[in-house]
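Architecture and fold: a report
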Amino acid sequence: MIMRRRTKLSLVLLITVVGIGLTAGGVFRGASAIGSEDPGLTRQGSRNLQQEVRQYNNLMYNVLMEVGRAYYKDIDVADVAVAGIKGMMAQLDPYSDFYVEEIDPGMVADMEITTTGTYSGIGSTIGYSGGVLSIIAPMKSSPSMRVGLLAGDVIAEIDGLPSKAFSTAKAASLIKGPVGTDVTLMIEREGFPGQLEFVITRAQIEVNDVSAATFAAPGIAYIEISRFSKNTGQFLVEAIEELGKEQAIEGLILDLRGNPGGLLDEAIAVTEPFLPPGEMIVYTRGRVSNMNENYLSRERQLYDGRLVVMVNQASASASEIIAGAVQDLDRGIVVGKTSFGKGLVQVVGQLGQMPDGGGANIFKLTTAEYFTASGRNLQRPFGTDDFGRIVIRNPGVPDTTEHPIFLSQRGREVTGGGGVVPDIELDGIMGNILLFDLKFRRGIFLRYVNNYVNTRNITDGSTVTVNEELLNDFRTWAEEQGFSFETPTEMRLDDLVETAAAEGADDAMATEIAALQRAIDRQKDSLWQESRESIALELRREFVTRLQGYDAGLMEYFSQDPQFQAALDVLSDRSQYAAVLSGESVGGQEK
């Protein structure tokens, strides 16, 4: 079944928040909502607003003219003007913003992909891994996969241009291009001498945010959604239908952990297959009347079995709308950690052309709040940083504020403000500074696996045993590649050494400093030993992913994931599932 698209939404509703290392969801409406009149304003009120805006517009014009005329060196008027607009938007909330293609190419491109669901390119996620521009993941059935690009391949050149100085956004803009044209990538691959040349013909790429769909256990389906761009709901329906052809689905895990959000329309389309028609999913309320809308399920219910939705601190807005609806309607159980906490709606569109005839701009303005079926707004409180900027309170810090209590459809207590609190709350796989640096800062796990497979000519479908011998080889190889890491204690020692040198006391403290360094080295060696099981798990995941596919790699990793195991357990135990939904059990424990 292909779900009906909501033709009403010429207003594009998206859910996106900018954070460190993530884009968390927000609700966006499209360009037709920009410039809407507030029906609550009288004619006199509207005239007063226009007059006040004109006065400050004149003031801004005069300031910019004076800066351009008298500043001690030449200025770029466009840069200063755009910075002024950005500063104005930053005074509103953390989500309202103004993006210009030349300054924010990544944001503009990402917004366009989210709202259209397509782009013209080679079908690979690229980014910096271990400090070098790399292929993060080629998409299934994409031009990248067809020519043989692999995760971990280093992009040395793009059409003859060295990539070292390119940002990810700049590299992506060079790799994208008209359908049917070619782009040449020079690739450096672990275990291969020299460079490999790949000539790739660009194609129209349809973004599929259903990043995994498989069975976690007999009768228990697992679906992972990475974000919500156009057609995500359709891809979810297709995934459920395909899984149902393999075997009967008795329980389903919908994994939204780390999902930053996207289109509100798609959040609704993802929720609908789990609900009968006529159920309230979410509603929005704003000062302008056309921002007020109730979103009810309209499609036929595709799946009515046991359901778990998984979330964590990086699950935002669109993800929270789904988790909130499932929880409020007692349709399933939410497992994981308290979600990000994004409950505001933005309108997104372009405000005319740039005066210099430059690239596109995107105007993003908060225009409403959204509420779950029980009436909850999930927005985490704002704060200000040391520079006076409005920021979201860190979702990773324990929230000690008192939250309002609401009731689910069956009378269970649920809380508003600060995200969705799971019905079963527990930590996922925890890491440390060594694992973080191995995996994210240097990409050592992926590089080692690629080198191991390539130099030994191991073929797809093979298995590799991660034993003590291989773990020792991994550490030796990593250190030969120049891998090192600093513990927080070592960072403090570096500061101490620098301060002592500045004060001329480094010679006098040399013996003590050397003793401290030896103690730190022993601590780091202990960390390697303590982390062997976690390192082995990461290596097994990378080997399985490379040789058997992404879905198989996930299942290998989840074998040690407490959140995933809790989801699997509650779906497999009908009595526990019923007890949680009835409010008789909290987190798997009887009240």
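For the structure, see preceding data.
Heads up: these notes are all about the structure in this document. Values in this document were obtained by computation on a predicted structure and should not be read as measured data. (Residues numbered from 1 in each chain as written. Predicted model: local features only at pLDDT ≥ 70, side-chain atom pairs only at ≥ 80, totals over all residues. Heavy atoms only, no water.)

**Examining the overall build of the protein**
In terms of helices and strands, the protein carries 17 helices and 28 strands. Taking 25 Å as the expected radius of gyration for a compact globule of 591 residues, we find that the protein reaches 26 Å, a close match to that expectation. Each of the three principal axes of the protein carries a C-alpha extent, and together these read 80 × 75 × 60 Å. Here the protein holds 591 residues, and the buried ones make up 47% of them. Residue pairs in contact within the protein that sit at least 24 positions apart in sequence constitute 69% of those at least 6 positions apart. Per element, the accessible surface of the protein, about 28200 Å² overall, is 53% carbon and sulfur. Treating the 53 positive side-chain charges of the protein as one cloud and the 79 negative ones as another, the clouds have centres 5 Å apart. (Helix = DSSP H or I, 4+ residues; strand = E, 2+ residues; numbered from the N terminus. Rg over C-alpha atoms; globule rule 2.2 N^0.38 Å. Buried < 20%, exposed > 50% of the residue type's maximum accessible area, 1.4 Å probe, protein only. Contact = heavy atoms within 4.5 Å. Areas by Shrake-Rupley, 256 points an atom, 1.4 Å probe, with all protein chains shown as cover. Lys, Arg positive; Asp, Glu negative; His and termini not counted. Charge placed at Lys NZ, Arg CZ, Asp CG, Glu CD.)

**Here we look at the packing of helix H10 (residues 444-455) against helix H14 (residues 532-548)**
Close contact between H10 and H14 brings their axes to 9 Å; oriented N to C, the two are set at 55°. Comparing their axes, H14 and H10 come out oblique. The crossing of H10 and H14 is right-handed. Of H14, the residues touching H10 (which contributes Phe445, Leu446, Tyr448, Val449, Asn450, Tyr452, Val453 and Asn454) are Ile535, Glu538, Leu539, Glu542, Phe543, Arg546 and Leu547. (Axes fitted to C-alpha atoms, helices over the stretch in contact; angles between N-to-C directions. Parallel < 35°, antiparallel > 145°, perpendicular 65-115°, else oblique. Left-handed = near helix turned anticlockwise from the far one by under 90°.)

**A look at the packing of aromatic side chains**
Two descriptors summarise a pair of aromatic rings, namely the distance from one centre to the other and the angle between the planes of the rings. Taken as a whole and judged by the stated rule, the model has 16 aromatic pairs. With centroids separated by 5.3 Å and ring planes inclined at 45°, the aromatic side chains of phenylalanine 436 and phenylalanine 440 adopt a geometry described as tilted. One end of the pair, phenylalanine 436, and the other, phenylalanine 440, are both in helix H9 (residues 433-441), 4 residues apart, so they sit about a helical turn from each other. Taking relative accessible area as the criterion, phenylalanine 436 reaches 46% and is therefore assigned partly exposed. Each ring, one from phenylalanine 558 and one from phenylalanine 564, has its centre 4.6 Å from the other, and the planes form 25°; the classification is stacked. (Phe/Tyr/Trp six-rings, centres within 6.5 Å; stacked < 30°, edge-to-face > 60°.)

**Structural notes on the pattern of salt bridges**
Inspection of every chain in the model, using the stated rule, returns 21 salt bridges. Here lysine 337 and aspartate 427 are joined by a salt bridge, their closest N and O atoms 3.2 Å apart. With a gap of 90 residues between them, lysine 337 in the loop between strand E19 (333-336) and strand E20 (344-349) and aspartate 427 in the loop between strand E26 (424-425) and H9 connect regions that are remote in the sequence. The salt bridge involving glutamate 490 is made with lysine 524; its shortest N-O contact spans 3.0 Å. (Salt bridge = Lys/Arg side-chain N within 4 Å of Asp/Glu carboxyl O.)

**A few points about unusual backbone geometry**
Its identity is not glycine, yet serine 141 carries a phi of approximately 60°, on the positive side. With respect to the element layout, serine 141 can be found in the loop between strand E7 (132-138) and helix H4 (143-147). For serine 141, a relative accessible area of 60% translates into the label exposed. Even without being glycine, aspartate 330 reaches a positive phi, approximately 55°. Checked against the element boundaries, aspartate 330 lands in the loop between helix H8 (318-328) and E19. On the basis of relative accessible area, aspartate 330 is assigned to the buried category, the value being 4%.

**Regarding the nonpolar core**
Counting residues in each nonpolar core, the largest one holds 66 residues, and the members touching the most others are Ile223, Ile225, Leu236, Leu252, Ile253, Leu254 and Ile333. Residues within four places of isoleucine 333 in sequence aside, it is in contact with Leu307, Val308, Val309, Val326, Asp423, Ile424, Val570, Tyr577, Val580 and Leu581. By size, the runner-up hydrophobic cluster in this structure holds 25 residues, among which are Leu438, Ile444, Tyr448 and Leu547. (Core = buried A, V, L, I, M, F, W, Y, C linked by side-chain atoms within 4.5 Å.)

**Details of a nonpolar patch on the surface**
A grouping of Tyr56, Leu59, Met60 and Val63 is seen on the molecular surface, where their side chains present a nonpolar patch of about 410 Å² in accessible area. The residue valine 63 is located in helix H1 (residues 43-70) in this model. For valine 63, a relative accessible area of 47% corresponds to the partly exposed category. (Patch = residues over 30% accessible without salt bridge, like charges linked within 9 Å, V, L, I, M, F, W, Y side chains within 5 Å.)

**Remarks on the environment of leucine 133**
Here leucine 133 lies in strand E7. Residues within four places of leucine 133 in sequence aside, it is in contact with Ile126, Gly127, Tyr128, Asp153, Val154, Ile155, Ser163, Thr168 and Ala171.

**Focus on helix H2 (residues 77-90)**
With 14 residues, H2 extends 20 Å between its outermost C-alpha atoms, agreeing within 8% with the 20 Å of an ideal straight helix rising 1.5 Å per residue. For H2, the capping residue at the N-terminal end is aspartate 76, with a side-chain oxygen 3.0 Å from the backbone nitrogen of alanine 78. (Expected span 1.5 Å × (residues − 1). Polar contact = N/O pair within 3.5 Å; in protein donor to acceptor, adjacent residues only side chain to side chain.)

**Let's talk about helix H12 (residues 488-502)**
Between its terminal C-alpha atoms H12 stretches 21 Å, which fits the 21 Å expected from 15 residues at 1.5 Å a residue. Restricting attention to buried positions, one finds in H12 the residues Glu490, Leu493 and Ala500. Down the axis of H12, the smallest arc covering the buried residues is 75°, so these residues share one side. For H12, the exposed residues lying more than 90 degrees away from the buried face are Pro488, Arg492, Glu498 and Ala502. Residues of H12 that are buried in the fold lie against helix H13 (510-530). Of the residues flanking the end of H12, it is glycine 504, one or two places downstream, whose phi is positive at about 75°. (Arc of directions from axis to C-beta.)

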